[in-house]
Amino acid sequence: MDKRTSSTVVGLLATAMLYAAPAVAQDGPKFFLNATAVDPDDSAVVYTSDGSMWKSSDSGTGWAHLANRIVAWSIVISSPNIETNPGAEKIVYAATQEYGVVRSTDDETWTAGNGLSGRVAAVAAHPDGETVFA
């Protein structure tokens, strides 16, 4: 299996595991998951959206609610190159229908803008960790 196929399989398995979460869970995503992203530097960290933004730091066992009313169609976690940009923060980007691209560096504050407003279907990060495509 090549690397591209392998990452697709891992993403599908991660999404399937999230769908298989018990319906009686008190905290965590409960509806149709629009987007899911796994941190490239720590595979135990997962972000997902079901109309709200959620984060798990333990591979989906527990969830922290991050923000309401963010229906993300795509989520990407950008890891900046610390050699070329020391002190740069990891940024989570989400493509949304209402707010364009929203971003957060602290999981608490979600900011829309940077000229990417309106309906945005997908977001991707360049390997340099500082360029984002929407």
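So, a few notes on the structure that sits alongside this text.

In this section: the overall build of the chain. Looking only at helices and strands, the chain has 1 helix and 10 strands in total. Along the chain direction, N to C, the helices and strands of the chain fall in the order α-β-β-β-β-β-β-β-β-β-β. Considering only intrachain contacts with a sequence separation of at least 6, the fraction spanning at least 24 residues in the chain is 33%. Counting every atom, the chain has about 8100 Å² of accessible surface; 55% of that belongs to carbon and sulfur.

Right, let's talk about the nonpolar core for a bit. As a rule of thumb, soluble globular proteins bury nonpolar side chains together. If you look at the biggest cluster of nonpolar residues, it comprises 15 residues, and the most contacted ones within it are Tyr47, Met53, Ile70, Ala72, Ile75, Val92 and Trp110. Of all the secondary-structure elements, those providing two or more residues to this core are β1 (35–38), β4 (64–70), β5 (72–78) and β6 (91–96). Once residues within four sequence positions are removed from consideration, alanine 72 is found in contact with Asn34, Ala35, Ser49, Met53, Ala94, Ala95 and Thr96.

This part takes up the sheet that holds β5. Sheet architecture is open: 4 strands sit in the order β5-β6-β7-β8, paired in antiparallel fashion. Each edge of the open sheet is held by one strand with a lone partner, namely β5 and β8 (111–112). Both strand β7 (residues 101–104) and β8 contribute to a ladder of 2 bridges, which runs antiparallel. Paired with valine 102 across the strands is alanine 112, a residue of β8.

Most of β6 is tucked away, with 6 of its 6 residues classed as buried. The two faces of β6 match: Ile91, Tyr93 and Ala95 on one face and Val92, Ala94 and Thr96 on the other face are all buried. Pairing of β5 with β6, which is carried by 6 bridges, proceeds in the antiparallel orientation. Note on β6: the bridge partner recorded for isoleucine 75 is alanine 94. Two strands pair when backbone bridges link them, and β6 and β7 are joined in this way by 4 bridges, in the antiparallel orientation. Bridge assignment links valine 92 to a residue of β7, and that residue is serine 104. Hairpin connection of β6 to β7: 4 residues between the antiparallel strands, including glycine 100 at a positive phi of 75 degrees.

Even without a glycine there, the phi angle at serine 59 is positive, about 60 degrees. Looking at where serine 59 falls in the secondary structure, it is placed in the loop between β3 (51–56) and β4. By relative accessible area, which is 44% here, serine 59 ends up partly exposed. Even without being glycine, arginine 69 reaches a positive phi, approximately 60 degrees. Relative to the elements of secondary structure, arginine 69 occurs in strand β4. Using a relative accessible area of 57% as the deciding quantity, one classes arginine 69 as exposed.

Thresholds applied
Residues numbered from 1 in each chain as written. Predicted model: local features only at pLDDT ≥ 70, side-chain atom pairs only at ≥ 80, totals over all residues. Heavy atoms only, no water. Helix = DSSP H or I, 4+ residues; strand = E, 2+ residues; numbered from the N terminus. Contact = heavy atoms within 4.5 Å. Areas by Shrake-Rupley, 256 points an atom, 1.4 Å probe, with all protein chains shown as cover. Core = buried A, V, L, I, M, F, W, Y, C linked by side-chain atoms within 4.5 Å. Buried < 20%, exposed > 50% of the residue type's maximum accessible area, 1.4 Å probe, protein only. Pairing = 2+ DSSP bridges.

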